Amino acid sequence: MDKLSVLKEYFGHRAFRSGQEELIDHILGGCDVLGIMPTGAGKSLCYQVPALMLRGVTIVISPLISLMKDQVSALTAAGVSAACINSSLTQEEYAETMYRACRGEYKLIYIAPERLGTREISSLVSSVEISMVTIDEAHCVSQWGQDFRPSYIHIAGFVESLPCRPIVSAFTATATDTVREDIVRLLGLREPFTLVTGFDRPNLYFAVKKPQNKYNELRRLIGDMEDKCGIVYCLSRKSVEEVCEKLCSDGFSATRYHAGLSDSERRANQEDFIYDRKRIMVATNAFGMGIDKSDVSFVIHYNMPKNIESYYQEAGRAGRDGSPAKCILLYGPSDVRTNDFMIERSRDENTELSDEEKEIMLERDKERLKEMTFYSTATSCLREFMLRYFGEKAPSYCGNCSCCIDGFEEADITVDAQKIVSCVFRVKQKGRYFGKGMIVDILRGSENERLLSLGFDRLSTYGIMSDTPARRIRAELDHLAAEGYLGFSDGEYPVVELTALSAKLLKERIPVTMKLPIEKTEKKKKKDSGLTQNETLFAKLRQLRSRLAQEARVPAYIVFTDAALEDMCRVLPTTAEEFLTVSGVGRRKAEKYGEDFCALISEHLRSENDHRGGTL
Ligand code: ADP
Ligand code: MG
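Visitor: With reference to specific residues and values, describe the pattern of salt bridges.
Guide: If you walk through the whole model with that rule in mind, you get 40 salt bridges. With a closest N to O distance of 2.8 Å, Arg55 and Glu129 form a salt bridge. Here Glu129 lies in the loop between helix H6 (119-127) and strand S5 (130-135) and Arg55 lies in the loop between helix H3 (43-53) and strand S2 (57-61), a separation of 74 residues in the sequence. Classification of Arg55 by relative accessible area gives exposed; the value is 70%. Exposure remark for Glu129: the relative accessible area of 41% places this residue in the partly exposed category. For Glu217, the salt bridge is made with Lys209, and the minimal N-O distance between the two is 3.9 Å. Accessibility expressed as a relative area gives 24% for Lys209, which makes it partly exposed. Overlapping salt bridges bring together Asp340, Glu344, Arg347, Asp348, Glu359 and Lys366 as one network.

Visitor: Can you tell me about the site of ligand 1, naming the residues and giving the values?
Guide: Residues in close proximity to ligand 1 total 16 residues, the closest being Ala15, Gly40, Lys43, Ser44 and Arg320. Take His13: an N or O atom from its side chain is 3.4 Å from a nitrogen atom of ligand 1. Within the contact set of ligand 1, a nitrogen atom lies 2.9 Å away from a backbone nitrogen or oxygen of Ala15. Against a free-state accessible area of 570 Å², the protein chains account for coverage of 84% of ligand 1.

Visitor: How would you summarise H6 if you had to cite specific residues and measurements?
Guide: Ile121, Leu124 and Val125 are the residues of H6 that are buried. Mapping the buried residues of H6 onto a view down its axis gives an arc of 90 degrees, with all of them on the same face. Of the exposed residues in H6, those oriented more than 90 degrees away from the buried face are Arg119 and Ser126. Structurally, H6 contributes buried residues whose contacts are with S2, strand S3 (82-85), helix H5 (91-102), strand S4 (108-111), S5 and helix H7 (155-161).

Conventions used here
- Residues numbered from 1 in each chain as written.
- Chains lettered and ligands numbered in written order.
- Predicted model: local features only at pLDDT ≥ 70, side-chain atom pairs only at ≥ 80, totals over all residues.
- Heavy atoms only, no water.
- Salt bridge = Lys/Arg side-chain N within 4 Å of Asp/Glu carboxyl O.
- Helix = DSSP H or I, 4+ residues; strand = E, 2+ residues; numbered from the N terminus.
- Buried < 20%, exposed > 50% of the residue type's maximum accessible area, 1.4 Å probe, protein only.
- Near = heavy atom within 4 Å.
- Polar contact = N/O pair within 3.5 Å; in protein donor to acceptor, adjacent residues only side chain to side chain.
- Areas by Shrake-Rupley, 256 points an atom, 1.4 Å probe, with all protein chains shown as cover.
- Arc of directions from axis to C-beta.
- Contact = heavy atoms within 4.5 Å.

Listed below in structure tokens is the structure:
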């Protein structure tokens with residue numbers, strides 16, 4: 001089977017996402033690879049597809065038990081034979097799994113790094129052919145990463161000890177240069193093909209709010225999300241407790257997670273959230289790595305986190321299935337102090353580093369905190385800010401963040417344009433050209449000496465924009481230049497020049513508009529009137545999914561992701577064949593669920609028809 005057939009047959013997707021195909025091709029060509037892609041980009045498929053095509057077994061090393069369990073249930077549901085070996089298994093399960101593993105019954109075996117040195121694993125690798133070793137969350141090998149795990153250090157030795165060196169593939173979402181070098185060196189990758197995909201997640205909406213009362217704002221936001229599920233991150237255990245308690249007493253279905261709870265409560269609460277028994281998870285940053293729940297619709301930060309890396313990773317847990325999702329940060333100035341305090345404390349508590357290393361870490365952490373604060377108080381596009389932070393270029397207007405949506409509006413600047421261009425004309429009539437600053441000063445009626453000595457206070461355009469902020473005039477002037485109504489000369493001190501279009505603008509009074517930041521005004525809330533047809537069907541599909549998930553005792557998104565249900569609303573399949581064309585539906589799932597879903601959709605279409613017939 002070729003890779004596209006594998007993708008369709010087992011995972012139900014029509015096409016590879018950006019980067020996936022290249023990584024897969026290199027693996028199949030026998031190359032080590034390092035894939036650096038943001039959370040939700042689809043790293044798992046990059047090793048799962050080749051694992052199914054390679055001859056032997058693929059061993060996947062992953063840091064967290066929850067992560068392994070989740071991946072194995074998803075694979076099993078898709079008809080792939082996979083298993084995990086970790087401390088969560090009972091003795092019988094363990095023996096059974098090892099027995100079947102040694103007989104080569106699994107294509108993918110997930111192993112916790114602590115297990116690698118054990119005798120059982122040694123006997124396993126001598127009885128089956130290991131084609132590939134995959135390291136997920138590979139940044140855990142680096143001390144400079146955010147989740148250093150000492151047991152990752154032993155992976156390289158394990159790979160070396162194998163009778164035949166397998167392909168090694170490593171994946172992470174953290175991309176700083178130091179971490180990247182550590183991964184290659186410490187995992188012993190051999191001339192890996194390295195692929196870094198763009199960090200943008202277009203389906204995520206980013207917002208920063210500075211509410212007077214954070215809790216009231218949180219309650220309002222969650223109230224607006226209807227029955228969607230999401231995560232609320234707090235900085236301290238104490239605020240997790242408080243926020244969770246308030247939400248529960250306000251009637252929301254919420255649970256909590258932090259390092260102060262017992263293992264069993266943490267596990268139970270996490271499962272409540274994953275299995276949709278609880279809609280909201282209130283947690284510290286201890287919650288999340290390895291939570292691959294793909295239908296998280298919002299991530300709200302009740303406090304500003306300590307750096308942009310953490311923020312982007314935590315916020316990125318929203319919308320992994322590609323559906324629109326919201327990432328909202330509730331910022332308060334005291335967040336800076338709390339973070340400062342926590343950074344100092346973690347330096348004092350660190351026993352692994354030398355004093356010198358600690359000072360370097362501290363300085364770097366404070367620098368990162370500063371950047372995070374800049375983000376929280378930014379007035380220009382938030383997405384651009386973050387992407388620039390990760391070293392990517394991005395347009396200055398994304399249209400899907402709070403700064404772009406609330407902060408900008410399409411403004412008619414025709415009159416201002418006339419004034420600005422006339423001013424440049426007047427100055428030119430005096431035989432002079434000047435830079436932007438002088439033009440702005442004249443328009444605003446400044447009394448600076450140079451301006452007065454040149455007699456520009458006698459120009460007819462002097463002071464005609466005295467009540468417009470200088471910043472705004474500058475932005476308008478730049479816009480006029482971008483549209484070709486004015487120009488700038490080259491050189492160190494660019495002067496404003498007229499162009500062929502300048503006179504036309506004045507004579508024909510050409511209308512000019514541009515996106516301009518607006519002063520904060522309370523936006524009128526759009527209130528949806530009733531559900532659209534698609535939403536009704538979507539709700540029905542969700543109900544069915546939830547019933548099937550309960551019967552199978554798996555989380556709902558293991559049955560189908562929201563993205564798959566949305567595609568069903570678009571495709572409206574009523575036959576098995578049509579059902580297979582839905583994105584996210586592979587052969588196994590089509591066989592298992594096709595009939596139920598097609599029946600529901602047919603029924604829905606019939607009732608819609610009757611309804612329409614009846615009202616005509
Ligand atoms: P990562 O590990 O990079 O954070 P995952 O591997 O967990 O991301 O994938 C996130 C989501 O993207 C999953 O719901 C998965 O089904 C979906 N996905 C991955 N690849 C594709 C694809 N080619 N087409 C459609 N959906 C995909
Ligand atoms: Mg992953």
